[in-house]
Structures are given as C-alpha cells and as structure tokens.
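Structural characterization, general
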Amino acid sequence: MSFLPESVTSEQCKDSGLALVLICLIAYSITRAQILIPLAILFLVAAMAFPVVYHPFARLWFGLSHAIGTVVSKVLLSILFFLMVVPVGFIRRVIGKDSMQTRGWKKGKTSVFRVRQHSYSGKDLENPY
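Please read all numbers here as calculations on a predicted model, not as lab measurements.

**Observations concerning the nonpolar core**
Across soluble globular proteins, you tend to see nonpolar side chains buried next to one another. Judged by nonpolar contacts, Val-8, Cys-13, Leu-20, Val-21, Cys-24, Ala-40, Phe-43, Ala-46, Ala-47, Tyr-54 and Ala-58 together constitute the single largest core of 11 residues. Taken together, the elements giving at least two residues each to this core come down to α1 (10-31) and α2 (36-49). Apart from the residues lying within four places of it in its own chain, the contact partners of Phe-43 are Gly-17, Leu-20, Val-21, Cys-24 and Tyr-54.

What follows is the structure, given as structure tokens:
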C-alpha cells in the first residue's frame, strides 16, 4: 500500500513550495537563523515562477499528509469509540435496557416489532428533530 500519489498538479506543487516557505519562517521565528529568510524568499519565488521544481517534494508532502490523515483518523475514531460508545453500551447492559427487544426474538409466535398507526401531517415535518 503506497501513500505516494501517482501524479500531482501544478497547484499542489505550488502549495508544497508555499509550505516550505512557511516551514522556513516558523524555523526562523524559533531559531533566529538569518539564512532562513533568504531561503524562504528563494522558495517563494520558485513556487510562484516555477512550481514544477517542487514536483518530487509535492509527491512526498501529499503522500505524508495522506498517511498521517489515515493513521490519525483511525486512532481518533478508535479512542472516541472506546471512550463514548463502549461505556454507554456497558451502562445500558447493566441497567437492563433492551431497546431493540433482542430478548424477545424467537421466543414466541408473535412479532417483536411495534405496530404504529400514525398518519403524517405537515406539523410532523416542521420540527423533524
């Protein structure tokens, strides 16, 4: 499974060059290394005039961002699941709630589904939530 994109557009190359400019400026604000300002200017001019120069860096940059996005989304969703859904399910099981009526399935000849005799009107659609 490769995260490197097959091709990148000229806009993505320009964005990658501007990301390098931003990285240089942030590094300058932290380290105060004087070489970083002319380097940022050089990266900016190259990004505006010749964005194709950043094609290899753009492939790496967008591949890295895709990989980080994939990992972080899986980690965050897993954390949310185990911190929110699992405790709610555990509490409902301890309390004895059975919203889906799973205990009543196949215990008798009748259906566990509720029959609801309701005619919808315009008032039902005003506040659907």
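**Comments concerning α1**
The end-to-end C-alpha separation of α1 is 31 Å, in line with the 32 Å expected for 22 residues at 1.5 Å each. Where α1 is concerned, the buried positions are Cys-13, Ser-16, Gly-17, Ala-19, Leu-20, Val-21, Cys-24 and Tyr-28. Here the buried face of α1 lies against α2 and α3 (55-95). With its phi angle positive at about 60°, Arg-32 sits one or two positions after the end of α1.

**Concerning the packing of α1 against α3**
As a packed pair, α1 and α3 sit with axes 8 Å apart at the nearest point and diverge in direction by 80°. Accordingly, the angle class assigned to the pair α1 and α3 is roughly perpendicular. On the side of α1, the interface is formed by Gln-12, Cys-13, Ser-16, Ala-19, Leu-20 and Ile-23, while α3 contributes His-55, Phe-57, Ala-58, Trp-61 and Phe-62. Classifying every residue of the contact of α1 with α3 gives eight nonpolar, three polar and no charged.

**Topic: the packing of aromatic side chains**
On inspection of all chains with the given rule, the structure shows three aromatic pairs. Between Phe-81 and Phe-82 the ring centres are 5.2 Å apart and the planes differ by 80°, which places this aromatic pair in the edge-to-face class. Phe-81 sits in the partly exposed class, given a relative accessible area of 39%. When its relative accessible area of 55% is taken as the criterion, Phe-82 is described as exposed. The aromatic ring of Tyr-28 is capped on one face by Arg-32, whose charged end is 5.4 Å from the ring centroid.

**Some details on the side chain of Ser-16**
Turning to its location among the elements, Ser-16 is positioned in helix α1. Not counting chain neighbours up to four residues away, the residues in contact with Ser-16 comprise Phe-57, Ala-58, Trp-61 and Phe-62.

**A closer look at the environment of Ser-10**
Here Ser-10 is to be found in helix α1. Separated by 40 residues in sequence, Ser-10 and Phe-50 have C-alpha atoms that sit 9.3 Å apart.

**Topic: the pattern of salt bridges**
What the rule picks out here adds up to one salt bridge. Between Lys-14 and Glu-11 there is a salt bridge whose closest N-O contact spans 3.6 Å. Of the two residues, Lys-14 and Glu-11 are both situated in helix α1; the distance of three residues between them amounts to about one turn of the helix. Among the residues examined, Lys-14 registers a relative accessible area of 23% and is labelled partly exposed. Exposure remark for Glu-11: the relative accessible area of 48% places this residue in the partly exposed category.

**Some thoughts on the packing of α1 against α2**
Direction vectors running N to C along α1 and α2 enclose 170°, while the axes themselves pass 8 Å from each other. The orientation of α1 with respect to α2, classified from their angle, is roughly antiparallel. When α1 is examined against α2, the residues Lys-14, Gly-17, Leu-18, Leu-20, Val-21, Cys-24, Leu-25, Ala-27, Tyr-28 and Thr-31 are found in contact with a partner set consisting of Leu-36, Ile-37, Leu-39, Ala-40, Phe-43, Leu-44, Ala-47 and Met-48. Residue composition of the contact of α1 with α2, by class: 15 nonpolar, two polar and one charged.

Calculation notes
Residues numbered from 1 in each chain as written. Predicted model: local features only at pLDDT ≥ 70, side-chain atom pairs only at ≥ 80, totals over all residues. Heavy atoms only, no water. Core = buried A, V, L, I, M, F, W, Y, C linked by side-chain atoms within 4.5 Å. Buried < 20%, exposed > 50% of the residue type's maximum accessible area, 1.4 Å probe, protein only. Helix = DSSP H or I, 4+ residues; strand = E, 2+ residues; numbered from the N terminus. Contact = heavy atoms within 4.5 Å. Expected span 1.5 Å × (residues − 1). Axes fitted to C-alpha atoms, helices over the stretch in contact; angles between N-to-C directions. Parallel < 35°, antiparallel > 145°, perpendicular 65-115°, else oblique. Nonpolar A, V, L, I, M, F, W, Y, C, P; charged D, E, K, R; others polar. Phe/Tyr/Trp six-rings, centres within 6.5 Å; stacked < 30°, edge-to-face > 60°. Lys NZ or Arg CZ within 6 Å of the ring centre and 35° of its normal. Salt bridge = Lys/Arg side-chain N within 4 Å of Asp/Glu carboxyl O.

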